[in-house]
Amino acid sequence: MEPLSRRRMLMAGGALGALGALSVAAPGRAQSVWTWSGSGSVAGTGATTDPRWVWDEEADPLVASLIDRGDVPAVNALLRTWTKNGQPLPDGLPADLRTFMESARQLPSWTDRGKLARAADFNTRRGLYLGVLYGLASGMMSTVIPKEARAVYYSKGGADMKDRISKTAKLGYDIGSLHAFEPDGEMIVTAVKTRLVHAAVRHLLPQSPAWVQAADEEIPISQRDMMVTWHSLPTTVMQKLTAWKVPMPAADSDAFLHSWQVGAHLLGIRDEYIPASFTEANAQAKQVLDPVLAPTAEGLVLSDILLNLGSGIDGAILTKPILGAFTRFLLGDKIAQWLQIPREPIWDPLLQAAWGPFIAVREGLLPFPLAPQAYWLFDEFLRKAALLFLSEAKPISIEIPVANRPS
């Protein structure tokens, strides 16, 4: 792929050109010094090493070796048959990969099965809200996380964003399923496969001239990058549910967090970086997530793809203008401006005025008979958006890449 030059960005259009030129000239913001204490983690302790300089010391050399010795196509074929947590690993896997995966699939010693069961019940009761928030708050936020946007855009998945999005949505679907971490669930499988993919991307992207030109790092997807993405999911989701005044017993909040703590561990994040509470998560997010949000040319392209996902689902509900309005409502005017999302004269004020009462109606805090027609439209949006971002109508295979985005 030809690198994103200033001339090419200007040819693509005035606004996009200016944004592209800016992103090439200033590829990233300086990150704050790591001061978050490991005493606030699930490990209860930890070194003060900035996770920006920590990757995955187990998976990275292993997957690099698989790629270099040509084993990946055969491994992917075998792993397509491994879909349930309780399944044995397929016969024929390289010995070093089998040893790693048997270890990587184990739940951490601090796993609380009671909390995981409560999380499954919570996800069932709050699934519609979670579908919208994973897709529009977390998903759209990923396009203004510069390192993540560039890693996605220049890797193999960036060439087929519908497939890439479906694989990302699978993680949200699997962690929210009724038996997520049980033998008949799929979250452990999805997390371990995703960990292998991350290791492959770390090996491959530094070989991409286009990524090297755009990036402000030498190796992508550090532990800090992974925590940034993690905060765009459970931390951001809980912040929104709290802001919406959705009734939230402490047991529900703790259980939801615990499922994502276990998920983080399975993805290869060190326990010393995983927050032990939402209080700690919010504190860490202020240091690692909030300061890095910024526009990039790559993120703008990805956001446009996301906003167009609903065009074939239901033209009356999931249109690009409505998805854009919800993005502005969830993430604010600044991010909407970065993503060149136009203001919507109907939906913008409607969301501002009616969303709070709609939530109250839905939670039984206000009587429904007095609710305006807009509340029904909101409820339909929730259902359609949850279907769009979390439904799994066909099998999805997460596979180790062997190349970057093709030219």
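Notes on the structure in this doc start here.

Check the secondary structure of the chain and you find 19 helices and 0 strands. Here the chain holds 407 residues, and 54% of them are scored as buried. Considering only intrachain contacts with a sequence separation of at least 6, the fraction spanning at least 24 residues in the chain is 75%. Just so you have it, the chain exposes about 17,300 Å², and 57% of that area is on carbon and sulfur atoms.

Quick look at the pattern of salt bridges now. Counted according to the given criterion, the structure contains 24 salt bridges. Between arginine 69 and aspartate 71 there is a salt bridge, with its nearest N and O atoms 2.5 Å apart. Ionic pairing is found between lysine 320 and aspartate 304, a salt bridge with its closest N-O pair at 2.5 Å. A residue pair is termed long-range when its members are at least 10 positions apart, and lysine 320 in helix H16 (residues 320-331) and aspartate 304 in helix H15 (residues 297-307) qualify at 16 residues. A relative accessible area of 34% places aspartate 304 in the partly exposed class. Each of Lys84, Lys170, Asp174 and Glu186 takes part in a single network of salt bridges with overlapping partners.

With that settled, the discussion passes to the nonpolar core. In this structure, Met101, Phe181, Leu241, Trp244, Phe256, Phe326 and Trp355 are the most contacted members of the largest nonpolar core, which totals 114 residues. The greatest single-element share of this core, amounting to 11 residues, is contributed by helix H10 (residues 187-204). Contact partners of phenylalanine 181, with chain neighbours within four places excluded, come to Asn85, Leu107, Arg113, Leu116, Ile175, Met187, Ile188, Ser259, Val262, Gly263 and Leu266.

To continue, consider the side chain of arginine 195. Mapping arginine 195 onto the fold places it in helix H10. The exposure class of arginine 195 is buried, given its relative accessible area of 7%. Not counting chain neighbours up to four residues away, the residues in contact with arginine 195 comprise Asp56, Glu58, Ala59, Phe100, Ala104, Leu266, Leu267 and Gly268.

Here glycine 135 shows up in helix H7 (residues 127-141). Since its relative accessible area comes to 4%, glycine 135 is described here as buried. As for glycine 135 and alanine 169, which are separated by 34 residues in sequence, their C-alpha atoms are 8.0 Å apart.

Quick notes on the rules
Residues numbered from 1 in each chain as written. Predicted model: local features only at pLDDT ≥ 70, side-chain atom pairs only at ≥ 80, totals over all residues. Heavy atoms only, no water. Helix = DSSP H or I, 4+ residues; strand = E, 2+ residues; numbered from the N terminus. Buried < 20%, exposed > 50% of the residue type's maximum accessible area, 1.4 Å probe, protein only. Contact = heavy atoms within 4.5 Å. Areas by Shrake-Rupley, 256 points an atom, 1.4 Å probe, with all protein chains shown as cover. Salt bridge = Lys/Arg side-chain N within 4 Å of Asp/Glu carboxyl O. Core = buried A, V, L, I, M, F, W, Y, C linked by side-chain atoms within 4.5 Å.

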